[in-house]
Amino acid sequence: MSAETRSGSPVEPTRPADVLQGPESQGESREGADLSARGGGRPGRGGRSAGGARSGGLLSDLRAVRAILPLLDVSRRRALVAVAWGSLTLSAAVGLAAVSAWLIARASQMPHVLDLTVAVVTVRALGISRGLFRYLDRLASHDVALRGVATLRERLYRTLAVGRPEATLGLRRGDLLSRIGADADAVGDVVVRGLLPAAVAAVVSTGSVILVGAFSPAIGAVLALTLLIAGVLGPVLAARAARVAEVDAMEHRRDVSVATTTILDGATELRVQGGMPRARTALAEAESGLRGARDRAAGPAALAHGIGVLTSGIATVAALVIGIPAMTAGTLTPVELAVVVLTPMAAFEATAALPAAAVQVTRSASAARRIRALLHAAGPERCPESSPRVRSKRQNAATHDAKVLARGLACGWPGHTVVSGIDLQLEPGRAVVLLGPSGSGKTTTALTLAGLIEPIGGKLEIRGGRTPTDAVSFTPEDAHLFSTTVLENLRVARGDVDVEEAHRVLERVGLNGLVAALPEGLDTLVSAETLSGGERRRLLLARALCSPAPLLILDEPTEHLDADTALALQQDILTLGRERGILLITHDERGIDAADEVLRLDESARLDR
Amino acid sequence: MKPFDPRLLTRARAARGYMLLTAGLTVATTACVLATAVLLARSLAPVIDGDATWADVAPAVAAVAGLVVLRAVLAAATERFAHRSATRVIAELRAQALNHAATLGPRWLARHGSEVRTTLTRGLDDLEPYFVRYLPQLLLAAILTPAVLILMATLDLTAAVTVVALLPVIPVFMWLIGVVTQTFARRRLEESERLGAQLLDLLAGLPTLQAFGRALGPAERVRSLAQASRRSTMATLRVAFASSAVLELFASLIVAAVAVGVGLRLVTGSVSLEAGLAVLILAPEALLPIRQVGAHFHASADGIAAAERVHAVLDTEPPPDGTGHAPETVHAIRWNAVTVGADDRAYAAPRDLTGRAVAGQVTGLTGPNGAGKSTAMLTLVGALTPDEGEVLVEAPDGVTSVASLSPEQWWQQVAWVPQRPVIEPGTVADYLGVTRPADDSRLAEAASATGWSEVIASLPQGWQTRIGQGGWGLSLGQRQRLALTRALLAPAPVLALDEPTAHLDGLAQEHLIEVLRRAATAGRVVVVVAHRPELIEACDAVIAVRAGERVA
């Protein structure tokens, strides 16, 4: 929880150091860097997404939504069909009102019943069709949106998969991760609840105005005006309310979330040590901030709702005021008067959906911005071969050719050199240990040597495959254990690991006992939560050994293990694969006697032999 | 799923005021709707009949205009109040659930903690649409619809009978919606959660996959998962929408039936045009709340579900607390064959733990990862009651079991620092409970022993720096140093420290060990979870903690 509570969670990672800082990862290690970076205490909301979300109104939100729509690859035909069904649904409602009014006004003139037959049948037909159209409308619109979301998900994955690793490293944060899922859904919601209803409202409003205007242009004009007010002012107010409630309240919401998490995670400790009252006070303060923002939002939301009711009433009253004298004057028949007075009420059903639509646009706009920011961070496809500093020989080299050669290498992030002057040679059969205290830049160095981030200076040559990952396999401290079977987790490293090989590798890392104890052996579903820390580490090590890459880089493989386990594992690692090249990155000086070479990074982050 | 859970009223004060005021507003809205329909018909009918001109009906039209404004104001007021109440009800429920969850003990929290967190931080927000959209419509359906039907009956009995005869069909379908969507909503939720979790798992593993150069491998899997998710959602929507479509269908069929009926009776002259028009205007008004209830049912179902989860938390009985008087002097702590079963596996950690920590000595709990050392600490603290065996407190006036002691009193006697201490928000001085930190020599000694003095020097406002939520961020190591400082300051006779030297370098570790030894010499019971050899070395006594198969 350390990083989360410290930085207050869902903040866009802006600095590489932020990105690198996983939730559970480096407890103590980053404290120096962290304190200096935090300066004033509360972290600023970073990234390109934040600025846009605060400023601008409904229009800028609409632009943000429009910008992401191409990624959904929505079929124009399907969208048109959905709009058509929606329009037919509401047209049926408007038609039902108009024809009923005609029917009753005409009937009061006591014509022959046969004169009413067509109207009677029409009323019944419209009554039935409305429900039917509504069903088809909802299915069609949800289908459009869900297809879009599925496409978006896949694109997101593909872009991140080939993108810069810095972008995906941030995914280790649980909140960021689940947000991606929720954001994709939010973009789908805007199609169903925002864009399609807006299109339907435009079609139906226009139709109603034409219908009423055909009888009385003046009433038609008033209807057009009131519909416009209801369809523009209402949504603008509703969107403003939503923005206050959601964007402005975000910080308070986060505080509430942190306070809640603090109490839940620390419940026992807070009770035992008497800290609960102060934790509750903190929650109450956060709630009061949230309440303030929510209450500010309630005003415009209420106004938006009132405007909807008011405009529809005004249209009816105006129809009476204009229509009655017009009938007396003879420009409108009695039956037509009934139609122009009673139809407008139904027409407002179309605009009634718009405030909610605007709210959805506002909500989804932040999601759309975040997705674009993430895609932007991932950048265009990465071509390791084109890197000016990493030379990787384009060849299907045999294992013994693999080599990582660093000369005067400097590692870091753009504008910030973390480590410099690294001379290192890693090749099969060699075990090298990179030793350094926490926070000395070991992880950055590892990422660079694995070819996952660009060197800042010096020379780095990674030989032995088409891409650096063919030659070097990097297992970070907090490598992901997939929620799948033991065997499938090993196959992440290489697709064709068979059962026999799996058992062999697991035995080498001392996990044969565990597998024997698991109910379904290799086919048991595992996850980071169901394994102990030591088991997880060993399984990750086994996976690294399954990798076809001849060179392995292991970052702090013994972190969080008890001393004996750590010592044994560290010794094991260095003697494990003599046919491989192993770079062990650790802060623990014990158990590294078997190394061929030990490099030390000291506190000042310069390499020192 | 109940449309309204009375427990909401008993548990959230804000909900009571809300229901009262909204009911009042609904009655006013109902009066407004009835009057508008009657006046609208009264101003229109004589004109259509040719009996009146603008001058005759102008007052009625003016009244309609006034009612329109009034209705808009009522609508706005209902909405505003609903928003405000929702915020307050959510906050009330959250606070109650948190307070209660905290008393349910570490075992319950370990099992339900993350689910409760999701409910309290995100799930409860779904109550807002429930309060803003669903409940007002439910009240309208309960108040306005019957009122409209009564008025209709006085105007045109046949029309009213038509509506009353067809209306029960809607509740029947409402019930059907309830039954069908509940089953399907759950299945859909499970299905999409499963698919979603798989997708997120792949995303979470992207850096790992990239490191193996296999990131594009699962792209096809992502695609099929996304498509499967879409298909499963559509399948459930087809059913969910079908039932609500039937609701819409009947609502509009009833309006159509009323219109046709009134029209045909007008031809025979059995109904006046004024009554007919009023009925025509009223019929959709009577059905609108029912349609709205149906339309917002899905949006509010999540809120109801979240509230139900909160009720479930609140209805969980906390483990019984002991009531015994806790001794203020402790000679020793004794674990007597203590076994605590792990939840999901068939073994216990610790299993059969027996040992004694005596005042005047530093006692170490040792053992490999997962042996149950931290759990043993929890049993000492009294936060967790062992499944078998007991933890005993030896005091001058006898031996008592920790489980039988009043927790509040016992916690006064124990200073405990877990592996990952939580720092409640406030200033450093608040946290440590000191008023004059600058010239407190015991504080200076404790802080230098834990290495906290180095940290405090780097904080912008020193002892007055706000820490925890919304304040200065502390790393895990810093948090542990701070918590240790507080524990050393506490006058408690028992010190329980989980890996106190984990984040300290060699020199600092020596320093802390010395302070622990001094605390022991002063007559305290000092228990530490020890991993590092130096710390184990420094212990006067060591208790080995072991996990093992649980004997059934």
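Here the structure is shown first, and the text comes after it.
All residue numbers here refer to positions counted from 1 along the written sequence of the relevant chain. Written order determines the labels here, with chains lettered from A and ligands numbered from 1. Local features in this predicted model are restricted to residues whose pLDDT is 70 or higher, and side-chain atom pairs enter the listing and the counts only when it is 80 or higher, whereas totals over whole chains, interfaces and linings include all residues. Based on all heavy atoms of the structure, the side-chain values leave hydrogens and waters out of the count.

Participant: Outline the overall build of chain B, supporting the account with residue identities and numerical values.
Facilitator: Scanning chain B from terminus to terminus reveals 18 helices and 13 strands. Dimensions of chain B, computed from the C-alpha atoms along their principal axes, are close to 110 × 55 × 50 Å. Here the Shrake-Rupley method, with its probe set to 1.4 Å, supplies the accessible areas, and only the displayed protein chains count as covering residues. Of the accessible surface of chain B, which amounts to about 21,800 Å², a share of 58% is contributed by carbon and sulfur atoms. Under the convention used here, Asp and Glu are negative, Lys and Arg are positive, and both His and the chain ends fall outside the count. Charged side chains are reduced to one point each, which is NZ for Lys, CZ for Arg, CG for Asp and CD for Glu. A gap of 4 Å separates the mean positions of the 47 positive and 49 negative side-chain charges of chain B. Helix and strand definitions here come from DSSP, where helices need a minimum of 4 consecutive H or I residues and strands a minimum of 2 consecutive E residues; each element is numbered from the N-terminal end.

Participant: Got a sec to walk through the overall build of chain A? Specific residues and values, please.
Facilitator: When you go through chain A residue by residue, the secondary structure sums to 22 helices and 12 strands. Per-residue accessibility, obtained with a 1.4 Å probe over protein chains only, is compared with the maximum for each type, and a residue is labelled buried under 20%, exposed over 50%, and partly exposed between these values. Taken over 609 residues, chain A has a buried fraction of 59%. Carbon and sulfur atoms make up 57% of the accessible area of chain A, which totals about 23,400 Å².

Participant: Describe helix 3 (residues 54-102) of chain B, and please don't skip the residues or the numbers.
Facilitator: Helix length check: helix 3 of chain B, at 49 residues, gives a terminal C-alpha distance of 70 Å against a target of 72 Å (1.5 Å per residue), a fit within 8%. At Ala60 of chain B, helix 3 of chain B shows its maximal bend, which comes to roughly 25°. For a helix, the expected span equals 1.5 Å multiplied by the number of residues minus one. Working definition for bend: take the seven residues up to and ending at a residue and the seven starting at it, fit an axis to each, and measure the angle between the axes.

Participant: Give a detailed account of the pairing of strand 4 (residues 362-366) of chain B, specifying residues and quantitative values.
Facilitator: Residues and elements named next belong to chain B. A large share of strand 4 lies buried, amounting to 5 of its 5 residues. Residues Val362, Gly364 and Thr366 line one face of strand 4 and the alternating positions Thr363 and Leu365 line the opposite face, and both faces are buried. Any two strands with at least two DSSP bridges between them are considered paired. As judged from the 4 bridges shared by strand 4 and strand 11 (residues 525-529), these two strands associate in the parallel manner. Bridge assignment links Leu365 to a residue of strand 11, and that residue is Val529. Relative to strand 12 (residues 541-544), strand 4 is paired through 4 bridges, and the arrangement is parallel. The residue of strand 12 that forms the bridge with Leu365 is Ile543.

Participant: Residue-level account of the environment of Ala306 of chain B, with values.
Facilitator: Residues and elements named next belong to chain B. With respect to the helices, strands and loops of the structure, Ala306 is situated in helix 10 (residues 273-315). Residues Ala306 and Ala60 lie 246 residues apart in sequence; the distance between their C-alpha atoms is 48 Å. Two residues form a contact once any of their heavy atoms are found within 4.5 Å. Setting aside chain neighbours within four positions, we find Ala306 in contact with Thr119, Gly123 and Leu124.

Participant: An account of the sheet that holds strand 10 (residues 494-498) of chain B is requested, with residue identities and associated values reported.
Facilitator: All names here are of chain B. Sheet architecture is open: 5 strands sit in the order 7-10-11-4-12, paired in parallel fashion. Of all the strands in the sheet, the pair left with one neighbour each is strand 7 (414-417) and strand 12. Ignoring which end each strand starts from, the neighbouring axes of this sheet average 15° apart. Each axis is a line fitted through C-alpha atoms, taken for helices only over the stretch in contact, and angles between the N-to-C directions span 0 to 180 degrees.

Participant: Can you lay out unusual backbone geometry for me, pointing to particular residues and giving the numbers?
Facilitator: Here Ala349 of chain B and Pro350 of chain B are connected by a cis peptide whose omega angle stands at 0°. With respect to the helices, strands and loops of the structure, Pro350 of chain B is situated in the loop between strand 2 (347-348) and strand 3 (353-358). Despite not being glycine, Asp73 of chain A has its phi angle at roughly 55°, a positive value. As for its placement among the helices and strands, Asp73 of chain A is situated in the loop between helix 5 (58-68) and helix 6 (76-107).

Participant: So what about the interface of chain A and chain B? Which residues, and what values?
Facilitator: Each side of the interface is counted separately: chain A has 147 residues, and chain B has 135 residues. Put simply, buried area is how much 1.4 Å-probe accessible surface two parts lose in total, over both of them, once they are put together. Taking both partners together, chain A and chain B bury about 11,900 Å²; carbon and sulfur atoms supply 66% of that area. The salt bridge criterion pairs a side-chain nitrogen of Lys or Arg with a carboxyl oxygen of Asp or Glu, the two atoms within 4 Å. Here chain A is connected to chain B by 12 salt bridges. The salt bridge partner of Arg223 of chain B is Glu154 of chain A, with a shortest N-O separation of 3.0 Å. Here the element with the most residues in the side of chain A that touches chain B is helix 13 (residues 276-329) of chain A; it accounts for 30 residues. Of the residues that constitute the side of chain A that touches chain B, the class distribution is 74 nonpolar, 40 polar and 33 charged. Three classes are used, and their members are as follows: Ala, Val, Leu, Ile, Met, Phe, Trp, Tyr, Cys and Pro are nonpolar, Asp, Glu, Lys and Arg are charged, and the others, Gly among them, are polar.

Participant: Summarise the side chain of Thr524 of chain A; cite the residues concerned and give the values.
Facilitator: Within the secondary structure, Thr524 of chain A is located in the loop between helix 20 (512-517) and strand 8 (525-526). Among residues more than four places away in sequence, those in contact with Thr524 of chain A are Thr484, Thr485, Val486, Leu518 and Pro519 of chain A.

Participant: Got a sec to walk through the nonpolar core? Specific residues and values, please.
Facilitator: We call a set of buried residues a nonpolar core when its members are Ala, Val, Leu, Ile, Met, Phe, Trp, Tyr or Cys and they connect through side-chain atoms within 4.5 Å of each other. Ranked by internal contacts, the top residues of the largest apolar core, which has 92 residues, are Tyr157, Leu506 and Leu539 of chain A. Formed by 87 residues, the second largest nonpolar core is a distinct cluster that contains Leu227 of chain A together with Ala160, Leu167 and Ala278 of chain B.

Participant: Give a description of the pattern of salt bridges that names residues and reports values.
Facilitator: Residue and element names in this part refer to chain B. The final tally for this structure, using the stated rule, is 46 salt bridges over all chains. With a closest N to O distance of 2.7 Å, Arg334 and Glu394 form a salt bridge. Residue Arg334 is located in strand 1 (residues 332-339), and its partner Glu394 is located in strand 5 (residues 388-395); the two are separated by 60 residues in the primary sequence. In this structure Glu394 comes out as buried when scored by relative accessible area, which is 10%.

Participant: Tell me about the pairing of strand 3 of chain B, and please be specific about residues and values.
Facilitator: All names here are of chain B. Only one face of strand 3 is covered, namely the one carrying Leu353, Gly355 and Ala357; the face carrying Thr354, Arg356 and Val358 has none of its residues buried. Where strand 1 meets strand 3, 5 bridges bridge the pair, whose relative direction is antiparallel. Its bridge partner lying in strand 3, Trp335 is registered against Gly355.

Participant: Can you break down helix 14 (residues 441-450) of chain B residue by residue, with the values?
Facilitator: Residues and elements named next belong to chain B. Within helix 14, the full set of buried residues consists of Leu443, Ala446, Ala447, Ala449 and Thr450. Mapping the buried residues of helix 14 onto a view down its axis gives an arc of 160°, with all of them on the same face. At its buried positions, helix 14 is contacted by helix 13 (428-432), helix 15 (452-458), helix 16 (476-489) and helix 17 (506-521). Polar contact is defined as a pair of N or O atoms within 3.5 Å, subject to the rule that within protein one atom must be able to donate a hydrogen and the other to accept it, and that residues adjacent in sequence are counted only when both atoms are side-chain atoms. At the N-terminal end of helix 14, a side-chain oxygen is found 3.2 Å from the backbone nitrogen of Arg442, two or three residues along, and the residue is Asp440. Residue Gly451 follows helix 14 closely and has a positive phi angle near 85°. It is the directions from the helix axis to the C-beta atoms that the arc portrays.

Participant: Got a sec to walk through the sheet that holds strand 1 of chain B? Specific residues and values, please.
Facilitator: Residue and element names in this part refer to chain B. One open sheet accounts for 4 strands, arranged 3-1-5-6; its pairing is antiparallel. Every interior strand has two partners, whereas the edge strands, strand 3 and strand 6 (398-401), have only one. Strand-to-strand, the axes of this sheet are offset by a mean angle of 15°, without reference to chain direction. Of the pairings in the sheet, the one linking strand 5 to strand 6 comprises 4 bridges and is antiparallel in character. Across the sheet, residue Ala395 finds its bridge partner in strand 6, namely Gly398. This element, helix 11 (residues 373-381), spans strand 1, strand 3 and strand 5 of the sheet and lies at about 120° to strand 1.

Participant: Explain the packing of helix 10 (residues 217-248) of chain A against helix 14 (residues 334-352) of chain A to me, using residue names and the numbers behind them.
Facilitator: Two quantities define a packed helix pair, namely the angle between the axes and the distance from one axis to the other. Residues and elements named next belong to chain A. Remark: helix 10 packs on helix 14, axes separated minimally by 10 Å, with the N-to-C direction vectors making an angle of 25°. Relative to helix 14, the element helix 10 is oriented roughly parallel. Once helix 10 is placed against helix 14, the crossing between them reads as right-handed. Across the interface between the two elements, Ile219, Leu223, Thr226, Leu227, Ala230 and Gly231 from helix 10 touch Val340, Pro344, Ala347, Phe348 and Thr351 from helix 14. The labels follow the angle: roughly parallel below 35 degrees, roughly antiparallel above 145, roughly perpendicular from 65 to 115, and oblique for the rest. Left-handed is the label given to a crossing in which the near helix is rotated counterclockwise from the far helix by less than a right angle, and right-handed is the label when the rotation is clockwise.

Participant: Requested: an account of the side chain of Thr26 of chain B, with residues and values cited.
Facilitator: Residues and elements named next belong to chain B. Summarising the element assignment, Thr26 is placed in helix 2 (residues 13-49). You can call Thr26 buried: its relative accessible area is 3%. If we skip the residues at most four places from it in the chain, Thr26 touches Leu139, Leu140 and Ile143.

Participant: Any chance you could break down the packing of aromatic side chains for me, citing the residues and the numbers?
Facilitator: All names here are of chain B. Side-chain rings of Phe, Tyr and Trp (the six-membered ring for Trp) are treated as a pair once their centres are within 6.5 Å; stacked means planes under 30 degrees apart, edge-to-face means over 60, and tilted covers the remaining angles. On inspection of all chains with the given rule, the structure shows 5 aromatic pairs over all chains. With a centroid separation of 5.5 Å and an interplanar angle of 85°, the aromatic rings of Tyr130 and Phe131 are classed as edge-to-face. Members of the aromatic cluster, connected to one another through ring pairs, are Tyr18, Phe81, Tyr130, Phe131 and Tyr134. We note Arg486 situated over the ring of Tyr431; from NZ or CZ to the ring centre the distance is 3.8 Å. Only when the NZ atom of a Lys or the CZ atom of an Arg is both within 6 Å of the ring centre and within 35 degrees of the ring normal do we say a charge sits over the ring.

Participant: Describe in detail a nonpolar patch on the surface, supporting the description with residues and values.
Facilitator: Residues and elements named next belong to chain B. Nonpolar side chains collect at one region of the surface, where Val172, Trp175, Leu176 and Val179 lie side by side and expose about 380 Å² of accessible area between them. Tracing the chain through its elements places Val172 in helix 7 (residues 169-204). A relative accessible area of 48% places Val172 in the partly exposed class. A patch is a set of surface residues, each over 30% in relative accessible area and not in a salt bridge, joined within 9 Å for like charges and within 5 Å for the nonpolar side chains Val, Leu, Ile, Met, Phe, Trp and Tyr.

Participant: Please give an account of the environment of Met152 of chain B that cites residues and values.
Facilitator: Position of Met152 of chain B among the secondary structure elements: in helix 5 (residues 127-155). When the C-alpha atoms of Met152 of chain B and Leu282 of chain B are compared, they prove to be 7.5 Å apart, with 130 residues separating the residues in sequence.

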